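Per-entry structural report
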Amino acid sequence: MEHRNRRLDLTLGLGLAAFLLVPWYRIEGGFFGLGWLADFPGDPAVAPGLMQIFAHGRSWLAVTLVLLGICAAARFVSDPARRGLLLAVAGATGVLYLALQGLAIGFTGWTWTISESLFGPLSDGQPSMGAGAVLSALAFILLFAFGLAERGVLKGDAFIVAAISLLVSLVIVFVFYPVGSMFAASLQDFDGSFKPDGFIRNIQDGSIWSLSCVIGEGRCGVAWRTLWLALMTALGSTLLGLAFALVATRTRFPFKKGMRLLTVLPIITPPFVIGLALTLLFGRAGVVTEFLSDAFGIEPGRWLYGLTGIWIAQVLSFTPISFLVLIGVVEGVSPSMEEASQTLRADRWRTFWNVSLPLMKPGLANAFLIGFIESMADFGNPLVLGGSHGVLSTEIFFAVVGAQNDPSRAAVLAIILLCFTLSAFLAQRYWLAGKNYSTVTGKGDSGAHSALPRSLSIGVHAVVIPWMIFTVVVYGMILFGGFVKTWGLDNSLTLDHYAKAFSISVADGAIAWTGVAWNSFWTTMEISLIAAPLTALVGLLTAYLIVRQRFAGRDVFEFALMLSFAIPGTVIGISYIIAFNLPPLEMTGTALILVACFVFRNMPVGVRGGIAAMSQLDKSLDEASLTLRATSFRTLRRVILPLLRPAIVAALVYSFVRAITSISAVVFLVSAEYNMATAYIVGLVENGEFGVAIAYSSALILVMITVITGLQLLVGERKLRRENRVLSAAPARSSSATLSQEKTA
């Protein structure tokens, strides 16, 4: 009881501080600049909630204060059931009321005609929500969660209930609300009135659904073209990712460290660079094309500009994601199960096919799903290499920023894309349903991984080695492009591009960052380093809740998480602009909107990777910790997270590099104060400054490699066995391994 009262007191203190000590509305110039302290609390622009009610005529905020008072009174109710009911009802009502009043009252008064008809006109409006309103909403969410826990929901575990409540609230605010705002705008006329004509016209457009390619006439519609490309990309990236994971964990390949570096390189490459490198190699005037023309008389063609070129670029770009997902899954397969199969006289091929590969199903399914969604949402590669073969993401972009200026068409295309991605998600769920893939338990696990069948080993090496060589050539061209005067025309060496981008001078004893790239570079590093741990934290916590907890609406919650990842970044950027450009939440032009976009755009990768890794951890580990009276929070921190280190590294790496390399959403959200590196590179490419763009990209790649290495050293590796050697073919050689002792709660 004392513990429950303490958490209630802290939450009520948070709500009271939100009303008394911080500005209620948004501060121009930023809350953390602290410039508002000079006018606090008298100025209406920076006054706290209590002053807004009694001194500035915003009486509608009094309802929020009354609800907080009800929660404070519930603190002294002795019956847990009654107290929980009061807290849950008052907390939920407080959150809903804050949202409704924020939506209903704008700068000049009522934003809804029906509100003015019911309550009469307002003499004054209100700005967007600020720190006070956000902290009050947070307090109400926690009070609602604690009330449910008091009533025994989820066995009364306040941490689990609070985590679910917070995550649901965040998903509603940063996924459902912006996407819903964009769809609502697509059904409205310019004056805000309901007019679905454009929506209906576009959903029936033949250019979207045409099947003329099936009967040999013309090209398929953009929907089927995108679906076919996504399926082939997902298949190719998953198979390649599995091949790389097997070579890295089950063979004696001598260049494993270099291979791991090469698998990471494509994912840390800024947009357009891979497309430009492929163009320099295989375009009509490319190095390889000209060589084949001169040596064998092969006429240059345009095969690269279309679905084939996009597919090569996407597989090159997305194979590292599959590798990051699969490497932990392949390592997590129990060696004792493989040894048991061989003890029963199964050969290595049968052991791999019937034992090892089925246990990798969660990773394979998640890698395929991520590759499929990434291909659907990819914007940079189709823009560079697509030519006249547009896909859904580029069609959405041109529907918004091109001459069409048709938001209804963009919304229709986004809905179609969302249907495809959610269908893939359902198929993946059906494939994995009702099966158990746990291989890591609290029991000793001795043995070493079995070597691959000889034919499979030859096959994966035959795939991995040429792909490594191809990757080296592509990145060699990228590196070469930063040191030549005019990429592809004048190949004389120069350092001018690097000097222009990253020059430094010393004036009056101080360092001056005179290079044109420094401003966007520091902004990108700052925002990426903030977004990466938040993305990993939210993603892995969500994965823990989905795998380990049973609560109402869990499947719907998991679906909702895929929305921001499934919709193209172009649409995410536009929806954020529409939703967060006006009250109740105004964030456009700030760093906060970029961080929020990165967190909820990239979080599903951490979720899928966490689910794949956590599916291999037996629930007996949790139960043993809870039996020893550890809380669920301590169990998560001391037992589960140490065993999820590969998933943690994958989530941190992916979220960090995606924050740096993302372009489709960023191009709409950057501002003069917060200009990201990718948006700046796009501007360089548009201005024809390819050398500076390549130099900037090369510097970003080097920085990302350094940060990734630091993250891996900081987080470490999960150690399930004392040694992880691959069993050699000689039966005389054997190795044993045991679970390393993990301290539990």
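Note that this is a predicted model, so its numbers are computed, not measured.

**Here's the deal with unusual backbone geometry**
- Cis geometry is found at the peptide bond from phenylalanine 40 to proline 41, where omega equals 5 degrees.
- For proline 41, the location among the structural elements is in the loop between α1 (2-20) and α2 (49-54).
- A cis amide bond links proline 583 with the next residue in sequence, proline 584, at an omega value of 10 degrees.
- Of note, lysine 155 is a non-glycine position whose phi angle comes to about 60 degrees, a positive value.
- Position of lysine 155 among the secondary structure elements: in the loop between α6 (131-150) and α7 (158-186).

**Quick notes on the packing of aromatic side chains**
- According to the stated counting rule, one finds 28 aromatic pairs in the structure shown.
- A centroid spacing of 5.9 Å and a plane angle of 50 degrees characterise the contact between phenylalanine 174 and phenylalanine 580, whose relative ring orientation is tilted. Of this pair, phenylalanine 174 sits in helix α7 while phenylalanine 580 sits in the loop between α25 (569-579) and α26 (591-614), and the two are 406 residues apart along the sequence. Of the two residues, phenylalanine 174 and phenylalanine 580, both sit in the buried class.
- Residues tryptophan 467 and phenylalanine 470 carry aromatic rings whose centres are separated by 5.5 Å and whose planes lie at 50 degrees to one another, so their mutual orientation is tilted.

**A look at the pattern of salt bridges**
- Taken as a whole and judged by the stated rule, the model has eight salt bridges.
- Salt-bridge contacts for arginine 409 lead to glutamate 395; the nearest nitrogen and oxygen are separated by 3.7 Å. Of the two residues, arginine 409 is situated in helix α20 (residues 407-432) and glutamate 395 in helix α19 (residues 392-401); the sequence distance between them amounts to 14 residues.
- Taking the relative accessible area as the measure of exposure, arginine 409 reaches 8% and is therefore buried.
- If you follow the salt bridges from partner to partner, you end up with Asp205, Glu395 and Arg409 in one network.

What counts as what
- Residues numbered from 1 in each chain as written.
- Predicted model: local features only at pLDDT ≥ 70, side-chain atom pairs only at ≥ 80, totals over all residues.
- Heavy atoms only, no water.
- Helix = DSSP H or I, 4+ residues; strand = E, 2+ residues; numbered from the N terminus.
- Phe/Tyr/Trp six-rings, centres within 6.5 Å; stacked < 30°, edge-to-face > 60°.
- Buried < 20%, exposed > 50% of the residue type's maximum accessible area, 1.4 Å probe, protein only.
- Salt bridge = Lys/Arg side-chain N within 4 Å of Asp/Glu carboxyl O.

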